[in-house]
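Descriptive analysis of the structure
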Amino acid sequence: MSFTDYIKKMLSGQSRASDRADHKPSNAASPKAENAGPTILAIDTASTSLSTAVLINGEVKGELYEDMERGQAEHLMGFIAKTLESAKVSFDDLDGIAVTVGPGAFTGMRIGLSTARALGLARKIPVVGVSSLEAVAYGVSERDQQGRNILVALDSKRNEIFAQAFDGKKRPLSTPECVAPRQALMMAPPGDTLLAGDATPRLLTAAAHAPDTFYDCTAPGLPRAGNVARIAAERWESGENLAPVPLYLRAPDAKRIEDQGPRKKK
């Protein structure tokens, strides 16, 4: 069954018997505890990877990750199905869906957001957004951070990078921006700063003669769905999650025909 057909069946309320068999937990699900946290499916396709995870009572289950610059649309539903099966939950058990809104690849963002919205509509559950930059910062361990500020830098596949600074408690110190590496370094406050993200090598090169000290870390360079789910859960009650709309920091490379000026006459 194609991705489009699967979504149509979800939206129409139909479900395949095979789906129910594939995703049925091995043990009967016990009633949720009164103060249990939400069960959240998290999706990240905003970069050059594909990641899915389920958060149940604050614990990440069935997390999948694969570097994938292309083919996310074809593999996403399979990842979601395997994640739900591994976590021993079904779509009916979900309280909400969290998805990265970027910044990142235009096509990747649209794939994740459209899938999350369709599944949220089918289940009539909230769909919330999480910044890719914050998801990377969240993945920095306390052992690496040691109270230092964090500067996240993600590769935009162009001369600029996507960057944002965070303090010792991983709270934003700046807004997300698409800037040159040297400009990104200026976003960090004075003092020692930890660098995270797949564009870290570019920042380290630019920081060779910087007055402050910048350190590399062992955190994953791209968002992980487990961290996306944790962030969403922490803000679940307060409603501080982002809207599920793309966070664009630069104009797309493709131009509309009307924006390309008059055509030359032959």
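What you are looking at is a predicted structure, and each value in this text was computed from that prediction instead of being measured.

Thoughts on helix H4 (residues 106-123)
The first and last C-alpha atoms of H4 sit 26 Å apart over 18 residues, in line with the 26 Å expected at 1.5 Å per residue. Among all positions in H4, only Phe-106, Gly-108, Met-109, Ile-111, Gly-112, Leu-113, Thr-115, Ala-116, Ala-118, Leu-119 and Gly-120 are buried. Of the residues one or two after H4, Lys-124 is the one with positive phi, at around 60 degrees.

What to know about the nonpolar core
Residues Leu-41, Ile-43, Val-54, Ile-80, Leu-84, Ile-97 and Leu-119 are the most contacted members of the largest nonpolar core, which totals 24 residues. Every element with two or more residues in this core is listed here: strand E1 (40-44), strand E2 (49-56), helix H3 (72-87), strand E4 (96-100) and H4. Counting residues per element, this core draws most heavily on H3, at 6 residues. If we ignore the near neighbours within four places in the chain, the residues touching Ile-97 are Ile-40, Leu-41, Ile-43, Ala-116, Leu-119, Gly-120, Ile-125, Pro-126, Val-127 and Val-128. Of all hydrophobic cores here, the second largest spans 16 residues; its members include Ala-153, Ala-163, Ala-165 and Leu-185.

Description of the sheet that holds strand E7 (residues 161-166)
Pairing within the open sheet is mixed, and its 5 strands lie in the order E8-E7-E6-E9-E10. Looking at the sheet topology across the chains shown, the edges are occupied by strand E8 (177-179) and strand E10 (214-215). Alignment of strand E6 (residues 149-155) against E7, held across 6 bridges, turns out to be antiparallel. When the sheet's bridge partners are listed, Ala-153 is paired in E7 with Ala-163.

Rules used in this analysis
Residues numbered from 1 in each chain as written. Predicted model: local features only at pLDDT ≥ 70, side-chain atom pairs only at ≥ 80, totals over all residues. Heavy atoms only, no water. Helix = DSSP H or I, 4+ residues; strand = E, 2+ residues; numbered from the N terminus. Expected span 1.5 Å × (residues − 1). Buried < 20%, exposed > 50% of the residue type's maximum accessible area, 1.4 Å probe, protein only. Core = buried A, V, L, I, M, F, W, Y, C linked by side-chain atoms within 4.5 Å. Contact = heavy atoms within 4.5 Å. Pairing = 2+ DSSP bridges.

Shape is all these values report; function is a separate question.
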